[in-house]
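So you can see what is in the structure, the chains are spelled out below.
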Amino acid sequence: MIGRLNHVAIAVPDLDAASAQYANTLGAKVGLAKDEPDHGVTVVFIELPNTKIELLFPLGEDSPIQNFLDKNPSGGIHHMCYEVDDILAARDQLQVQGARVLGSGEPKIGAHGKPVLFLHPKDFNGCLIELEQV
Ligand code: CO
């Protein structure tokens, strides 16, 4: 069902500092910060040869990232994003097997303009999983 690793998302306490560290210390190709009000985050994408890193910073009052940063003040891995061909078929198959889909269960448009869903971390070894239809 799942295909390529699309990105690993890291919640960061200081977006400018984290972006500068990836650009200058790690020598990566770092994009510009983009607000995603529907998801309550500001994101910076970093292009690696085989995948991407998504830096996440809270945006707005009830950002889903704020709680995570309160528990992990120095930041941490927030989710992994796997690619799927058909997000609705993947969702239905996962739900039949007992996996919980977060929110309404309907895909939202994610940071790349493509449909995404999130799966409950307690069903996947403590790892929040994002599925993106490509
Ligand atoms: Co993501």
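Read on for an overview of the structure. (Residues numbered from 1 in each chain as written. Predicted model: local features only at pLDDT ≥ 70, side-chain atom pairs only at ≥ 80, totals over all residues. Heavy atoms only, no water.)

## Brief notes about the environment of Glu130
Residue placement: Glu130 occurs in strand E9 (residues 129-133). Sequence spacing of Glu130 and Val116 is 14 residues, and the spatial spacing of their C-alpha atoms is 6.6 Å. A distance of 2.9 Å separates the side chain of Glu130 from the side chain of His79, its partner in a polar contact. (Helix = DSSP H or I, 4+ residues; strand = E, 2+ residues; numbered from the N terminus. Polar contact = N/O pair within 3.5 Å; in protein donor to acceptor, adjacent residues only side chain to side chain.)

## So, the environment of Gly3
Among the secondary structure elements, Gly3 is positioned in the segment before strand E1 (5-11). Residues Gly3 and Leu15, spaced twelve residues apart in sequence, show a C-alpha to C-alpha distance of 29 Å.

## Describing the pattern of salt bridges
Counted under the stated rule, the structure contains five salt bridges. The closest approach of N and O atoms between Arg4 and Glu83, which form a salt bridge, is 3.7 Å. One end of the pair, Arg4, is in the segment before E1; the other, Glu83, is in strand E6 (residues 76-84), and 79 residues separate them in sequence. Among the charged side chains, a salt-bridge network with shared partners connects Arg91, Asp92 and Glu106. (Salt bridge = Lys/Arg side-chain N within 4 Å of Asp/Glu carboxyl O.)

## With respect to the coordination of the cobalt ion
Looking at the metal site, the cobalt ion is ligated by His7 (NE2), Glu54 (OE), His79 (NE2) and Glu130 (OE), spaced 2.1 to 2.5 Å from it. In this structure, the cobalt ion is surrounded by four donor atoms whose angles at the metal cover 84 to 172°, and the resulting shape is irregular. (Donors = N, O, S within 2.8 Å, 3.2 Å for Na, K, Ca; no water. Tetrahedral: all angles 85-135°; square planar, octahedral: opposite > 155°, others 65-115°.)

## Brief notes about the nonpolar core
Counting residues in hydrophobic clusters, the biggest one holds 23 residues, and the most contacted among them are Tyr22, Ile46, Ile53, Leu55 and Leu131. For this core, the elements supplying multiple residues, two or more each, are E1, helix H1 (15-25), strand E4 (41-47), strand E5 (52-58), E6, helix H3 (87-96), strand E8 (115-119) and E9. Look past the residues within four positions of Ile53 in its chain and what remains in contact with it is Val8, Ile10, Tyr22, Val44, Phe45, Ile46 and Leu48. Formed by nine residues, the second largest nonpolar core is a distinct cluster that contains Ala9, Val41, Ile65 and Leu69. (Core = buried A, V, L, I, M, F, W, Y, C linked by side-chain atoms within 4.5 Å. Buried < 20%, exposed > 50% of the residue type's maximum accessible area, 1.4 Å probe, protein only. Contact = heavy atoms within 4.5 Å.)

## Remarks on the layout of surface pockets
Taken as a whole, the largest pocket encloses approximately 870 Å³ of empty space. Pro64, His78, Leu102, Phe118 and Leu128 are the residues nearest the centre of the largest pocket, which is lined by 39 residues in total. Put simply, the parts of the chain that give the lining of the largest pocket at least two residues each are E4, E5, helix H2 (64-71), E6 and E8. Partitioned by chemical class, the residues of the lining of the largest pocket number 18 nonpolar, twelve polar and nine charged. (1 Å grid on protein atoms, 1.4 Å probe; cavity = no way out; pocket = protein on both sides within 12 Å on 5 of 7 lines; lining within 4 Å. Points joined across faces, edges and corners; volume = space filled by probe spheres on them. Nonpolar A, V, L, I, M, F, W, Y, C, P; charged D, E, K, R; others polar.)

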